[in-house]
Amino acid sequence: MTTTTAPATPAVQAVPLLEEGTLFRFATAGSVDDGKSTLVGRLLHDSKAILADQLDAVTRTSQERGFGGASDGTTKIDLALLTDGLRAEREQGITIDVAYRYFATDRRSFILADCPGHVQYTKNTVTGASTADAVVLLIDARKGVLEQTRRHLSVAHLLRVPHVVVAVNKIDLVGFSEDVFRAVETDVLRAALELGVGDVTVVPVSALDGDNVVDRSARTPWYYGPALLEVLETLPATDEIETGLEPFRLPVQLVLRPQGALAPGVDAGAFRDYRAYAGQLASGTVRVGDEVVVLPSGRSTTVTGIDFAGTQLHEAFAPQSVALRLADEIDIARGDLIAAAGTAGEPTRDLAASLCWLSPKPLREGAKVLIKHGTRTVQGLVRSVTGKLDLDSFTLQAAPGLELNDIGDVEIRLAAELPAEAYASHRRTGAFLVVDAADGNTLAAGLVR
Amino acid sequence: MSTEAQAEAQTAREAASSEGAHRARALFSGVSKRREEVAERRQGATQRLAQLDTLESEAIHIIREVAAEFERPALLFSGGKDSVVMLHLATKAFWPGKVPFPVLHVDTGHNFPEVLAFRDRTVERLGVRLVVASVQDYLDDGRLHERADGTRNPLQTLPLLDAIADNRFDAVFGGGRRDEDKARAKERILSLRDEFGQWDPRNQRPELWNLYNGRHTVGQHVRAFPISNWTELDIWRYIERERIELPGIYYAHQREVFQRDGMWRAIGEHSQPRDTERVTVRTVRYRTVGDMSCTGAVLSDAATVQDVVREVAASTLTERGATRADDRISEAAMEDRKKDGYF
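These remarks concern the structure in this document. (Residues numbered from 1 in each chain as written. Chains lettered and ligands numbered in written order. Predicted model: local features only at pLDDT ≥ 70, side-chain atom pairs only at ≥ 80, totals over all residues.)

**Thoughts on the overall build of chain A**
Within chain A, the secondary structure is distributed over nine helices and 25 strands. For chain A, buried positions account for 52% of its 449 residues. Taking the intrachain contacts of chain A between residues at least 6 apart in sequence as the baseline, contacts between residues at least 24 apart amount to 70%. (Helix = DSSP H or I, 4+ residues; strand = E, 2+ residues; numbered from the N terminus. Buried ≥ 20, exposed ≤ 12 C-beta atoms within 10 Å, placed from the backbone. Contact = placed C-beta atoms within 7 Å.)

**Overview of the overall build of chain B**
Helices and strands together make up the secondary structure of chain B, namely 10 helices and 10 strands. Split into buried and exposed, the 343 residues of chain B put 51% on the buried side. Sequence-distant contacts, at least 24 apart, represent 76% of the contacts inside chain B between residues at least 6 apart.

**Some details on unusual backbone geometry**
Working note: non-glycine residues mostly have negative phi, and peptide bonds are mostly trans. Residue and element names in this part refer to chain A. The omega torsion of the bond from Leu295 to Pro296 falls at 5°, within 30 degrees of zero and hence cis. Tracing the backbone shows Pro296 in the loop between β11 (291-295) and β12 (299-308). The residue after Ala318, namely Pro319, is reached through a cis peptide bond having omega 5°. Looking at the secondary structure, you find Pro319 in the loop between β14 (315-317) and β15 (321-326). Positive phi is not limited to glycine here, since Arg160 has a value of about 60°.

**A short note on the sheet that holds strand β9 (residues 280-285) of chain B**
Residues and elements named next belong to chain B. One open sheet accounts for four strands, arranged β8-β7-β9-β10; its pairing is antiparallel. The sheet is open, and its two edges are formed by β8 (263-266) and β10 (298-299), each paired on a single side. As paired elements, strand β7 (residues 253-260) and β8 share four bridges and run antiparallel to each other. Its bridge partner lying in β8, Val257 is registered against Ala266. (Pairing = 2+ DSSP bridges.)

**As for the sheet that holds strand β1 (residues 73-76) of chain B**
Residue and element names in this part refer to chain B. Spatially, β3-β2-β1-β4-β6-β5 is the arrangement adopted by the six strands of the open sheet, whose pairing is mixed. Where the open sheet ends on each side, the last strands, each with one partner, are β3 (130-134) and β5 (190-193). Strand-to-strand, the axes of this sheet are offset by a mean angle of 30°, without reference to chain direction. Alignment of strand β4 (residues 171-173) against strand β6 (residues 221-224), held across three bridges, turns out to be parallel. Paired with Ala171 across the strands is Val222, a residue of β6. (Axes fitted to C-alpha atoms, helices over the stretch in contact; angles between N-to-C directions.)

**So, helix α5 (residues 147-158) of chain A**
All names here are of chain A. Spanning 12 residues, α5 covers 16 Å between terminal C-alpha atoms, matching the ideal 16 Å at 1.5 Å per step. Buried residues dominate α5, accounting for 10 of its 12 residues. Regarding α5, the residues found buried are Gln148, Thr149, Arg150, Arg151, His152, Leu153, Val155, Ala156, His157 and Leu158. Residue Arg160 follows α5 closely and has a positive phi angle near 60°. (Expected span 1.5 Å × (residues − 1).)

**Some details on the pairing of β7 of chain B**
All names here are of chain B. By the bridge criterion, five bridges tie β7 to β9 in an arrangement that is antiparallel. Of the residues in β9, the one forming a bridge with Glu256 is Val281. Hairpin connection from β7 to β8: two residues lie between these consecutive antiparallel strands, with Asp261 at a positive phi of about 50°.

**Topic: the environment of Ala183 of chain A**
All names here are of chain A. Checked against the element boundaries, Ala183 lands in helix α6 (residues 178-195). Since 20 C-beta atoms lie within 10 Å of it, Ala183 is described here as buried. As a C-alpha pair, Ala183 and Thr127 span 56 residues in sequence and 30 Å in three-dimensional space.

**Here we look at the pairing of β11 of chain A**
Residue and element names in this part refer to chain A. Here four bridges tie β11 to β12, and the two strands are oriented antiparallel to one another. Paired with Glu291 across the bridge in β12 is Thr302. Between the end of β11 and the start of β12, which pair antiparallel, lie three residues, with Gly298 showing a positive phi angle near 85°. Across four bridges, the pairing between β11 and strand β16 (residues 337-340) is antiparallel. When the sheet's bridge partners are listed, Val292 is paired in β16 with Ala340.

**Describing the environment of Asp307 of chain A**
Residue and element names in this part refer to chain A. Inspection of the secondary structure assignment puts Asp307 in strand β12. By the C-beta count within 10 Å, which is 19 here, Asp307 ends up partly exposed. Sequence spacing of Asp307 and Arg101 is 206 residues, and the spatial spacing of their C-alpha atoms is 33 Å. Every residue in contact with Asp307, bar those within four places of it in the chain, is listed here: Ala276, Gln312, Val322, Ala323 and Arg325.

**As for the nonpolar core**
Within the largest apolar cluster, 199 residues are counted, with the highest numbers of intra-cluster contacts made by Val135, Val164 and Val168 of chain A together with Leu75 of chain B. Those residues in contact with Val164 of chain A that sit more than four places away from it in its chain are Val135, Leu137, Leu153, Ala156, Ala192, Val197, Asp199 and Val200 of chain A. If you look at the next biggest cluster of nonpolar residues, it comprises five residues, including Val58, Ile77, Leu79 and Leu81 of chain A. (Core = buried A, V, L, I, M, F, W, Y, C linked by C-beta atoms within 7 Å.)

**Topic: the packing of helix α7 (residues 232-242) of chain B against helix α8 (residues 305-314) of chain B**
Residue and element names in this part refer to chain B. Taken N-terminus to C-terminus, the directions of α7 and α8 make an angle of 165°; their axes are 9 Å apart at the nearest point. In terms of orientation, α7 lies roughly antiparallel with respect to α8. Here α7 runs over α8; the crossing is left-handed. Residues Glu232, Leu233, Trp236, Arg237, Ile239 and Glu240 of α7 pack against Val305, Gln306, Val308, Val309, Val312 and Ala313 of α8. Among the residues making up the contact of α7 with α8, the classes are represented as eight nonpolar, one polar and three charged. (Parallel < 35°, antiparallel > 145°, perpendicular 65-115°, else oblique. Left-handed = near helix turned anticlockwise from the far one by under 90°. Nonpolar A, V, L, I, M, F, W, Y, C, P; charged D, E, K, R; others polar.)

**Some points on the packing of α5 of chain A against α6 of chain A**
Residues and elements named next belong to chain A. Look at α5 against α6: their axes get within 10 Å of each other, and the N-to-C directions meet at 40°. When the axis of α5 is compared with that of α6, the two are oblique. Where α5 crosses over α6, the two elements pack in a sense that is right-handed. Contact with α5, carried on its side by Arg150, Leu153, Ser154 and His157, involves Ala191, Ala192 and Leu195 of α6 and no other residues of that element. Class assignment for the residues of the contact of α5 with α6 results in four nonpolar, two polar and one charged.

And the structure:
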């Protein structure tokens, strides 16, 4: 170990980024060797999110391994090393697991889920996409649209990721050719159109050299659009806006009824009979005085108070964590859903859903599973597999079951009613997990149709 | 590029954008009325949650999920800033009730006395139960042996796992953040550990939406990381905003120090300079608070929380790179310790 870092003296310079902003979450996806880790490393490096000691460590390792560098011979560091956090990843030069990275520009703070490209790690793409405001999909300019590209587009579409940004990478290796770029662009847009993905931006980049990643490149004079980071800085956070517009929903996490166990300093007289329902708003806005309905029981009541750690709020909106006080003493427990009156459908015991199957253990008709929806977990029986998505035609084909990485439609019979709603209109209350009852592993991401 | 291909590309682009526009219109006409209503309701309120509020709500959601789904959770509390923030979040999550689980401290025997005093004061103030697992006990009776380099951080794993088993804790909250280290960047918010506390990074459960799957079998337990998505700067801004008290060593103070491995070490009962190491008095503060034997101070004049926020925002070094000898051992130092059951 030959670290020669000087004693740490934080250099206080101008004051960057003291303003608090909002968060934007995005995920990367692509096929193996598309250069995803390099692109992420480039984004972090060029947006100055990499600190000196991290850069030192990566530079040292790059030199030890004789890394060649950029095509113009200037860069001497392997940027992929910045994100490949596990030893096996660095040794094999591949990314195995989702890595979360954090960086900020003057405009926005980002949470980046860097998802691996290997087909067997598609589950990580699903993971990253489930919370993303945007997916950055990498395509190797020399290879064009592959099955894995179509799979990732399908995932982004199915999970309703609001924006897809396609980075056509290694544009330097095709001589910055507009023809090659336009051909790939056409294929991507056609695939997006077939699927119905609305918002797609296509950017030609070289992650290795940095063309169009943070700054627009002079080497692609035929491209007039923004650089990748500019796209990410300016995309609207549609997810949160849409979620805010959906009707109010709050899955009850627990009942706050402290009785004898009050926090020190809390007035025992005033809070002896305190009772409130704690949870995070899944969607919408709630105000004191609103009529609400509790599902699945269907009982109605009125919101009399919204509390957050000793502060009484007039209203709350998604994704705030709060505690609601209600007018009537009705039986409410963890697993119940509080919803704006008149907006919720009937709870159901029959679930028609799409699944992203994420387990090596295949799904067969008749399987008994657990369904985790909101804060409630119930048993389910997979009555039928309606079909699986064919990635060439984007149509459902008959299938006896679902294998790892398959996307398909199923019918599930539930042991108890769930207030399930269509994922297309209710992102949070339309999502569920399929869990293995025996070993507890997560088998699939479920989306109510 | 052929004219034909160009025309095709143009058609596809137009089709895609008109499809998008169509969908946008459909969505818009459906929601425009509601949008107006909501806009009206939100007059004067924040349209979107600010970054710290988003992170706070997410952390409280996680803490409540774990408290509801597990029988016997505990919260790792060292008196370090991340664990202090986590405990603060727990008090907010269960107000007006008190925090419904104990806090657990793995005491290396090399802790800063100021931090131990702070720890005791804090649990007293909040009325929570403190469980201490002592590395010194293990050294005294021979279950563990002192390392050649004198650092006790890696020695924490065994007492931690024993404390988890002895108290039958099935979930343990940790203050780990994904921005701290490359291996931590890959950790789930709920991380399943086997009987040996081991982390299997190649076999992690997918974590979808905000639906956390904490199912485990007998002998397994779960580590929960509610502040995974916070950065060091978020932590400090939150400490500033919430006026959270921290041990004084986080702020600039005068201290007798000496230099070792490029870091400023404090003089203390368990941390003595060698003959060649010159002792000087400097104005320093700590960015992380761990074992005295492996935590370095940074030269700093940041005496208030506002000063620290400014300093962290402008820092060119990571907190662990700047101050933790234990993470410099190899590129995979953290990964190896995590696999062995460390946090």
